[in-house]
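Notes for the structure review
Here is how the chains run, residue by residue.
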Amino acid sequence: MADPRFHSVAGPFSMEELADLAGAEVAGAPADNGPFIDVMPLSDAGPQHVSFLDNKLYVEAFESSNAGACIVRPEMADRAPGHMALLLTDTPYHGYARVAQAFYPSPSRDGAVPQTACVAADAMVANSVVIEAGAVIGKKAEIGDGCRIATNAVIGDGVVIGEGGYVGPGASISHCIAGARVTVHAGVRIGQDGFGFALGPDGHLKVPQLGRVIIGDDVEIGANTTIDRGTGPDTMIGDGTKIDNLVQIAHNVKIGRHCVVVSQVGVSGSTEIGDFVMLGGQAGLTGHLNIGSGARIAAQSGVMRDIEPGTTVGGSPAKPMRTWLKEVAALERLVSKKGN
Amino acid sequence: MADPRFHSVAGPFSMEELADLAGAEVAGAPADNGPFIDVMPLSDAGPQHVSFLDNKLYVEAFESSNAGACIVRPEMADRAPGHMALLLTDTPYHGYARVAQAFYPSPSRDGAVPQTACVAADAMVANSVVIEAGAVIGKKAEIGDGCRIATNAVIGDGVVIGEGGYVGPGASISHCIAGARVTVHAGVRIGQDGFGFALGPDGHLKVPQLGRVIIGDDVEIGANTTIDRGTGPDTMIGDGTKIDNLVQIAHNVKIGRHCVVVSQVGVSGSTEIGDFVMLGGQAGLTGHLNIGSGARIAAQSGVMRDIEPGTTVGGSPAKPMRTWLKEVAALERLVSKKGN
Amino acid sequence: MADPRFHSVAGPFSMEELADLAGAEVAGAPADNGPFIDVMPLSDAGPQHVSFLDNKLYVEAFESSNAGACIVRPEMADRAPGHMALLLTDTPYHGYARVAQAFYPSPSRDGAVPQTACVAADAMVANSVVIEAGAVIGKKAEIGDGCRIATNAVIGDGVVIGEGGYVGPGASISHCIAGARVTVHAGVRIGQDGFGFALGPDGHLKVPQLGRVIIGDDVEIGANTTIDRGTGPDTMIGDGTKIDNLVQIAHNVKIGRHCVVVSQVGVSGSTEIGDFVMLGGQAGLTGHLNIGSGARIAAQSGVMRDIEPGTTVGGSPAKPMRTWLKEVAALERLVSKKGN
């Protein structure tokens, strides 16, 4: 499936190895299936490929697929073609993710620091860290085991990046303490001054921004996203939260665990967001709000008030999803009734 | 017109050369006009300058202009002052663009690779390529004739940039095959992982992103725009499409030929866009949509459904432009009627 | 308050020094208060700390604070606890900003140019300028006294940066003349081509962008913001204007003095904005508009018409704030009346 110019395939893997990776039970397996050389969509897969079925839209493709193996929910087992080995799990997309990670592991790099990189003498960089050309590591910075600091990335003085971290090309990080397995994509900006001014008729006076950015474990931050450091309190991103490209996180914002923040969202200063919150693309949140855990905020919403846990909202100004949809419908009727 | 500190003027050009460049016919030309030393707006131009008239708002400025020559539609010829030579064409703004390109060609650079640049030993870089300070070219990357890779730009392993390409300062490109004459402005991010996770109550699992970004000929991509690579299928940008600054293009998006995508637009995963589509600033499109060729999407629209070819839509959620404008008007009347 | 890993505290300061810094009068001062070693919020401060009270929400914290000194309005003096020295001023937040700036001055850097930086032979760089690793300064560029050009920042040919400027990591600037004390945060893109094309059915032709970006004194520009150069006229940002992260400023835009532009705003080409205008987050302005001085534009507004000076607008399309709020309320009533 993947272009070998860019992606190196590992494997092959046996049925048993795949079952282990996917956390699945083997079923309906013809004795001689495998080894498997790659992942492949149902429609393109052959006897040496492993595929998956998660979305019911693809059941027909499943029934007619030539895949040698498929990761699938137990209730779909009886619709499989006879030649197919099955890997049964209640979470086939998760299973696929782990199998695909095994076929396409992160590329290994050699560890020599290029001449054009610049590492401060008192930085604490683990031996296994890969530092690419043009990267800069500041004074007393700490870079954990297995990190990769990509080309032209900039790690500021004192910054801590936990083990297994990745900082993409041209990204810059200052005033930040990040946990383990944090992925920071290309061009991300973390830790610069927040937008803090004492406004006045003679001009606006800069207020020193004395906090930090604290990032939990397993956080991913998309390309060209910006996260400002706190004013005194810290800006915080909780464990497992995934942030897409071009998102703005202002000073003192707290985001909880396992949130999903889609592209071009903006969160204003000091707003606090619970766990497992979903923020749709281009949504905007004003400052000093509380967004309860499990809330879902539709794309392009304009959130100006606190949101109760578990609530779904939409519209600008944002309101409960059902109310918003009613308003949209009412406005449509208003126009059609008038025969305009 | 242009500050010589930043822009070097070429020329001078004769009437005949200008006519050739503009694809225009000479008319009303006093025998001794020219040579011409620069382009200039109608109101500022003198006898040695060439100007243009495209927008009818400027007819008065045309009638009283001192320009030695003007690129103009044939039907305006009889409103020209007697001293002015005319370059007649039905597309005067295109003519002006070509004349201005001739007066202000891309600056030439010397080709020595600076010491702080870093080019992989097995990269295939054409002799005429200019590589500026701090730029990095990855393994087996291919850079075509006449490309310029600007300061601190990063070209990843295996990436192909066709002839005449430009990659601006600090931009980074990976997992990408780009055609000829592609312009990538400063800080653009192409080819990083898409936002793909298997969501779950125990956290979200990263799904390997195994595709590429395929870019056609004559594409322009604005500063700090982000284009993620596909999940397995590719992300694709068609020939001649122009993308403005700070735009987000998610994984698997297909954009057709000669589209215009204005600043801060966001296009979600797997949406397919036809040819000659116009996307206004800050418009957002959800995933898995089909947008027909020739569609026009107003600024700030929130597109949640497929759009028929040639349709103009506005509003959030987006609807046919006429319906949206009626709704806006109906809401205004509702408030004014109530005497609130 | 601030983590010494990232922030170095200066001081201590006496009451008299603090009064001087804050432009305040000393009152109610127990003779032996001070010296003061840090700024601290009211709730956390002890006898050696200076705090401030600006927002009336914190009056209770003020009354019970252990702070040794507090910057506060004269009318609050009689509510202070007896142990507290007072620094009386009508603008306590400004006073705090100046005191905090004194406690946390910009870190000093040594001036040696690192080997991986690249400064053109004919660039005019003042002796006191700090140039960090990987930074690139172009031909005939001029960098004023006391500037800091951070890691991997790129200053293009001919660019002028006035005294006391800061250009953050990975930022790039071309075709620009900037005044004194301009702060450009990480990843900012200034001076690239505007989005100018002669559109047509056979494709879109690039129009040379022959202008510059002119930036006044005391301007601040947030991370990953983009400011395109003019088409012939210049793009201009007035003295004291503060621009947040991920903002788009198109070609030929003129922004006046002391404006505040919040994150993710987009301003289209040739729009002119007066002085002291406030643009809320994610607001979008179409091109060729006039926005009067003192106008306030709410977050997510879609501005499609000129705005009178001093007016407040909201909504998309934007209208006077009062009208917009009435429409929002009318739509709510429409739905609730119908018992839907």
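The preceding data block contains the structure.
Residues numbered from 1 in each chain as written. Chains lettered and ligands numbered in written order. Predicted model: local features only at pLDDT ≥ 70, side-chain atom pairs only at ≥ 80, totals over all residues.

Considering the pairing of strand 3 (residues 49-52) of chain C
Residue and element names in this part refer to chain C.
- Alternating positions in strand 3 separate into two faces, H49 and S51 on one and V50 and F52 on the other, with burial throughout.
- The sheet contact formed by strand 2 (residues 38-39) and strand 3 spans two bridges and is parallel. What sits directly across from V39, in strand 3, is V50.
- Across three bridges, the pairing between strand 3 and strand 4 (residues 69-72) is parallel. Bridging across to strand 4, F52 finds its partner in I71. (Buried ≥ 20, exposed ≤ 12 C-beta atoms within 10 Å, placed from the backbone. Helix = DSSP H or I, 4+ residues; strand = E, 2+ residues; numbered from the N terminus. Pairing = 2+ DSSP bridges.)

A short note on the sheet that holds strand 4 (residues 69-72) of chain A
Residue and element names in this part refer to chain A.
- Here five strands make up an open sheet; going across it, the order is 1-5-4-3-2 and the pairing mixed. The outermost strands of the open sheet, each flanked by one partner alone, are strand 1 (25-27) and strand 2 (38-39).
- Note: strand 1 against strand 5 (residues 85-88), three bridges, orientation antiparallel. Looking at strand 5, one finds that E25 is bridged to L88.
- Helix 1 (residues 15-22) rests against strand 1, strand 3 (49-52), strand 4 and strand 5 of the sheet, and its axis sits at about 25° to strand 5. (Contact = placed C-beta atoms within 7 Å. Axes fitted to C-alpha atoms, helices over the stretch in contact; angles between N-to-C directions.)

Looking at the environment of C70(B)
Residues and elements named next belong to chain B.
- In this fold, C70 is placed in strand 4 (residues 69-72).
- The exposure class assigned to C70 is buried, which follows from the 26 C-beta atoms found within 10 Å.
- Residues C70 and P41 lie 29 residues apart in sequence; the distance between their C-alpha atoms is 9.8 Å.
- Among residues more than four places away in sequence, those in contact with C70 are S51, F52, L53, F62, S65, A80, M84, L86 and L87.

Overview of the relation of the copies chain A and chain B
- Superposing chain A onto chain B requires a rotation of 120° together with a translation of 0.0 Å along the rotation axis, leaving an RMSD of 0.1 Å. Both chain copies can therefore be described as sitting about a three-fold axis.
- Looking at chain A, a mere 16% of its interface residues are interface residues in chain B too, so the copies touch through different faces. (Least-squares fit on C-alpha atoms with pLDDT ≥ 70 in both.)

So, the interface of chain C and chain A
- The partner chain A presents 45 residues to the 49 residues of chain C that form the contact.
- Of all the secondary structure elements, the ones that give two or more residues to the side of chain C that touches chain A are helix 3 (92-103) and helix 4 (321-337) of chain C.
- For the side of chain C that touches chain A, the element with the most residues is helix 3 of chain C, which contributes five residues.
- Of the residues belonging to the side of chain C that touches chain A, the class tally is 20 nonpolar, 23 polar and six charged. (Nonpolar A, V, L, I, M, F, W, Y, C, P; charged D, E, K, R; others polar.)

A closer look at the interface of chain A and chain B
- Each partner contributes to the interface: chain A provides 49 residues, whereas chain B provides 45 residues.
- Looking at which element gives the most residues to the side of chain A that touches chain B, the answer is helix 3 (residues 92-103) of chain A, with five residues.
- The class makeup of the residues in the side of chain A that touches chain B is 20 nonpolar, 23 polar and six charged.

Observations regarding the sheet that holds strand 14 (residues 166-167) of chain C
Residue and element names in this part refer to chain C.
- Reading across the sheet, the 11 strands line up as 8-11-14-17-22-25-28-31-34-36-37 and stay open at both edges, with mixed pairing between neighbours. This sheet does not close on itself; its edge strands, each paired only once, are strand 8 (130-131) and strand 37 (319-320).
- Two elements, strand 11 (residues 148-149) and strand 14, share two bridges in a ladder whose sense is parallel. By the bridge assignment for strand 14, I149 is matched with V167.

Looking at the relation of the copies chain C and chain A
- The transform that puts chain C on chain A rotates by 120° and translates by 0.0 Å along the axis, for an RMSD of 0.1 Å.
- With a heterologous cut-off of 20% or less, the 16% of interface residues of chain C that recur at the interface of chain A puts this contact in the heterologous class.

Re the packing of helix 1 (residues 15-22) of chain B against helix 3 (residues 92-103) of chain B
All names here are of chain B.
- At a minimum axis separation of 8 Å, helix 1 and helix 3 run at an interaxial angle of 125°. The orientation of helix 1 with respect to helix 3, classified from their angle, is oblique. Both helix 1 and helix 3 take part in a crossing whose hand is right-handed. For the pair formed by helix 1 and helix 3, the contact residues are L18, L21 and A22 on the first element and G95, R98, V99 and A102 on the second.
- Broken down by class, the residue content of the contact of helix 1 with helix 3 amounts to five nonpolar, one polar and one charged. (Parallel < 35°, antiparallel > 145°, perpendicular 65-115°, else oblique. Left-handed = near helix turned anticlockwise from the far one by under 90°.)

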